[in-house]
Amino acid sequence: MAGDPAEHVYGDPGAFFRRWRVHGLVREFHDRLGRTAREQVGRDPEPSVGVIDSQSVKADAVVHHSSRGFDGGKVINGRKRHAVVDTLGLLGVPSGL
């Protein structure tokens, strides 16, 4: 019996997530949790305002130089990632994506 005992009992640990993603359940879980969190603090279940922000992330030496850049303001050699959040700071996904 080689390998991880949990994998022997449960199979591939990533299989559930892959199936959920293929069937759209990850997006469904995200949306339901967001609506529930907004309702619990007395807000409308659908977000009305979004804020777009970016973050510079250091890239390791193994990341190819063609996918890296330099942020002169923060003096970071790496990548930029962008996020959309609502007024509660919950991660959002722009409609149409």
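Notes on the structure in this doc start here.

1. What about helix α3 (residues 25–40)?
Then comes step 1: Compared with the 22 Å implied by 1.5 Å per residue over 16 residues, the 22 Å span of α3 between its first and last C-alpha is a close match.
Then comes step 2: Just downstream of α3 lies G42, where phi reads positive at about 80°.

2. Concerning the environment of L91
Then comes step 1: With respect to the helices, strands and loops of the structure, L91 is situated in strand β4 (residues 91–92).
Then comes step 2: Judged by its relative accessible area of 52%, L91 is exposed.

3. Structural notes on the side chain of D86
Then comes step 1: Note that D86 resides in the loop between β3 (76–85) and β4.
Then comes step 2: Within the local environment of D86, its side chain forms a polar contact with the backbone nitrogen of L90, the two atoms lying 2.9 Å apart.

4. Some details on the pattern of salt bridges
Then comes step 1: Summed over the entire model, instances satisfying the criterion amount to three salt bridges.
Then comes step 2: In this structure, E46 and R35 form a salt bridge, with 3.9 Å as the shortest nitrogen-oxygen distance. One end of the pair, E46, is in the loop between α3 and β1 (51–58); the other, R35, is in helix α3, with 11 residues separating them in the sequence.
Then comes step 3: Of the residues examined, R35 reaches a relative accessible area of 28% and is grouped as partly exposed.
Then comes step 4: One salt bridge in this structure joins R38 and D86, with 2.8 Å as the shortest N-O distance. Here the residue R38 occupies a position in helix α3, and D86 occupies one in the loop between β3 and β4, the gap between them amounting to 48 residues. The burial state of R38 is the same as that of D86; both residues are buried.

Conventions we followed
- Residues numbered from 1 in each chain as written.
- Predicted model: local features only at pLDDT ≥ 70, side-chain atom pairs only at ≥ 80, totals over all residues.
- Heavy atoms only, no water.
- Helix = DSSP H or I, 4+ residues; strand = E, 2+ residues; numbered from the N terminus.
- Expected span 1.5 Å × (residues − 1).
- Buried < 20%, exposed > 50% of the residue type's maximum accessible area, 1.4 Å probe, protein only.
- Polar contact = N/O pair within 3.5 Å; in protein donor to acceptor, adjacent residues only side chain to side chain.
- Salt bridge = Lys/Arg side-chain N within 4 Å of Asp/Glu carboxyl O.

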